[in-house]
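Descriptive structure summary
The lines below spell out each chain.
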Amino acid sequence: MTKERPPRPARQPIPAGPAPGEARLREAALAHLARFAATEQGLRRVLERRVDRWARRAEAEGQDISGLAAARALAAQVARQMVALGAVDDAAFAAARARRLARAGRSRRAIAAHLAGKGVAREVASAALPEEELNAALAQCRRRRTGPFAVEPMAREARLKALGALARAGFGRDVAEQALDMPREEAEERLVALRQG
């Protein structure tokens, strides 16, 4: 016979308190930056979400939320201050993220799309993109165990399938074919060099 557990008490809602001011938003920004790399736009979004959560709680409590627009403007101001202080650097973020994604087998096109989604300006993102894609295509081949990393020689069907996968990942046909045709030893040497930086 099993004992029935008593029901858990309902979670008490977090009181809204006053509208977030510059000091609270700066504290939240520093706490976020201590844990995560961020772009100016990404940090602004985080702070604006914090303001929006306050507004929802305040509205549910019946408080006046007329200061919402001012609080959102403060969030953008704090994000700009973090850039001015050097705590947020879009170019450094883009360079580090592009290197990591290239090592993971992402194409230039996929990296550019990722950086755009993070709020990195097009000029900054294009400066951070890797010069060549062949090493990233080899990393993709290793992950999918195709081309030089296939267990057995690839039949025509398997090769077409691998070409399609590389194309969907954003690699051009010439790069994809070059990656699939590379000898395993050379491919492994290139990947070791890619990992080392």
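Above this text is the structure in question.
Here we summarise the structure given alongside this text. (Residues numbered from 1 in each chain as written. Predicted model: local features only at pLDDT ≥ 70, side-chain atom pairs only at ≥ 80, totals over all residues. Heavy atoms only, no water.)

Describing helix 1 (residues 22–35)
With 14 residues, helix 1 extends 20 Å between its outermost C-alpha atoms, agreeing within 8% with the 20 Å of an ideal straight helix rising 1.5 Å per residue. Among all positions in helix 1, only L25, A28, A29, H32 and L33 are buried. Take helix 1 and look down its axis: the buried residues cluster within an arc of 130°, on one side only. Opposite the buried face of helix 1, at more than 90 degrees from it, the exposed residues are A23, E27, A34 and R35. Elements that come into contact with the buried residues of helix 1 comprise helix 2 (40–61) and helix 3 (68–85). (Helix = DSSP H or I, 4+ residues; strand = E, 2+ residues; numbered from the N terminus. Expected span 1.5 Å × (residues − 1). Buried < 20%, exposed > 50% of the residue type's maximum accessible area, 1.4 Å probe, protein only. Arc of directions from axis to C-beta. Contact = heavy atoms within 4.5 Å.)

What about the nonpolar core?
Of all hydrophobic cores here, the largest spans 20 residues; its most connected members are L138 and F171. It is helix 7 (residues 134–144) that provides the largest number of residues to this core, a total of six residues. Counting 14 residues, the second-largest nonpolar core is a separate cluster that includes L25, L33, V51 and A75. (Core = buried A, V, L, I, M, F, W, Y, C linked by side-chain atoms within 4.5 Å.)

Some words on helix 5 (residues 108–117)
Listed in full, the buried residues belonging to helix 5 are A110, I111 and L115. Taken end-on, helix 5 shows its buried residues confined to a sector of 135°, consistent with a single buried face. In helix 5, the exposed positions angled more than 90 degrees off the buried face are occupied by R109 and A113. Looking at the packing, one finds that the buried side of helix 5 touches helix 4 (90–103) and helix 6 (122–128). Looking one or two places after helix 5, you find G119, whose phi comes out positive at around 95°.

Structural notes on the packing of helix 2 against helix 3
Relative placement of two packed helices is described by the angle separating their axes and the distance separating the axes. Packing of helix 2 against helix 3 leaves a shortest axis separation of 9 Å and a crossing angle of 150°. Here helix 3 runs roughly antiparallel to helix 2, going by the angle between their axes. Handedness of the helix 2/helix 3 crossing: right-handed. Counting all contacts with helix 2, which are made through E40, L43, R44, L47, E48, V51, D52 and A55, the residues of helix 3 involved are L68, A71, R72, A75, A76, V78, A79, R80, M82 and V83. Split by residue class, the contact of helix 2 with helix 3 holds twelve nonpolar, no polar and six charged. (Axes fitted to C-alpha atoms, helices over the stretch in contact; angles between N-to-C directions. Parallel < 35°, antiparallel > 145°, perpendicular 65-115°, else oblique. Left-handed = near helix turned anticlockwise from the far one by under 90°. Nonpolar A, V, L, I, M, F, W, Y, C, P; charged D, E, K, R; others polar.)

A closer look at the side chain of T39
As for its position among the elements, T39 is in the loop between helix 1 and helix 2. The exposure class assigned to T39 is buried, which follows from its relative accessible area of 2%. A distance of 2.6 Å separates the side chain of T39 from the backbone oxygen of K118, its partner in a polar contact. Not counting chain neighbours up to four residues away, the residues in contact with T39 comprise V88, D90, F93, K118, G119 and V120. (Polar contact = N/O pair within 3.5 Å; in protein donor to acceptor, adjacent residues only side chain to side chain.)

It is worth stressing that arrangement in space is one thing and function is another; only the former is reported here.
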